[in-house]
Amino acid sequence: MKTAMKPEGLMLKMLSKCEICRASLAADGEAWICSYECTYCADCHAKLAACPNCGGELVRRPKRTTGVADIAQRFPDRARRVIGRVFG
């Protein structure tokens, strides 16, 4: 059975606080996440072998360098590429 995906499910949540020490995390700063998006600062990550919540692997969180407005401006180019692959 296919379920509808919520728009907020398409992007990382980019949490702004470390789950252990509650340190602030900038969207373009260093942070570590597991596949469930548990989020940790670099200092807490250095003390962990895996996510303490789920036991999953911790990987460096990607940096968000553009805002929604910038993404929306690029949408026509993306749509052309996708349509070109499907119908080209």
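In the block above lies the structure referred to throughout.
Quick look at the structure, then. (Residues numbered from 1 in each chain as written. Predicted model: local features only at pLDDT ≥ 70, side-chain atom pairs only at ≥ 80, totals over all residues. Heavy atoms only, no water.)

Focus: the nonpolar core
Stated formally: Side-chain atoms within 4.5 Å link the members of a nonpolar core, which is a set of buried Ala, Val, Leu, Ile, Met, Phe, Trp, Tyr and Cys residues. Think of it in three bands: with a 1.4 Å probe and only protein chains considered, a residue is buried below 20% of the maximum accessible area for its type, exposed above 50%, and partly exposed in between. Working rule for contacts: check all heavy atoms of both residues, and any pair within 4.5 Å makes them a contact.
Core analysis: the largest hydrophobic core is formed by 10 residues, namely C18, L25, A31, C34, C38, Y40, C41, C44, C51 and L58. Sequence-distant contacts of C51, that is, excluding residues within four places in its chain, are made with C34, C38, Y40, G56 and L58.

Side note on the sheet that holds strand 2 (residues 39–40)
The line we're drawing: Two strands are said to pair when DSSP picks up at least two bridges between them. For the purposes of this entry, the term helix denotes a DSSP run of H or I that reaches at least four residues, the term strand denotes a run of E that reaches at least two, and both are numbered from the N terminus.
Taken in spatial order, the three strands line up as 2-1-3 in an open sheet, and their pairing is antiparallel. Edge positions in the sheet fall to strand 2 and strand 3 (59–60), since each of these pairs with one other strand and no more. Here strand 1 (residues 32–33) runs beside strand 2; their pairing, made up of two bridges, is antiparallel. Its bridge partner being in strand 2, W32 is matched across the sheet by Y40.

A short note on a nonpolar patch on the surface
Rule in force here: Patches in this entry comprise residues that are over 30% relatively accessible and not in a salt bridge; like charges within 9 Å are linked, as are nonpolar side chains (Val, Leu, Ile, Met, Phe, Trp, Tyr) within 5 Å. In short, Shrake-Rupley with a 1.4 Å probe defines the accessible areas, and a residue's cover is counted only from the protein chains shown. What counts as a salt bridge is simple: a side-chain nitrogen of Lys or Arg found within 4 Å of a carboxyl oxygen of Asp or Glu.
A surface patch of nonpolar side chains, amounting to about 420 Å² of accessible area, comprises V82, I83, V86 and F87. If you trace the backbone, I83 turns up in helix 2 (residues 68–87).

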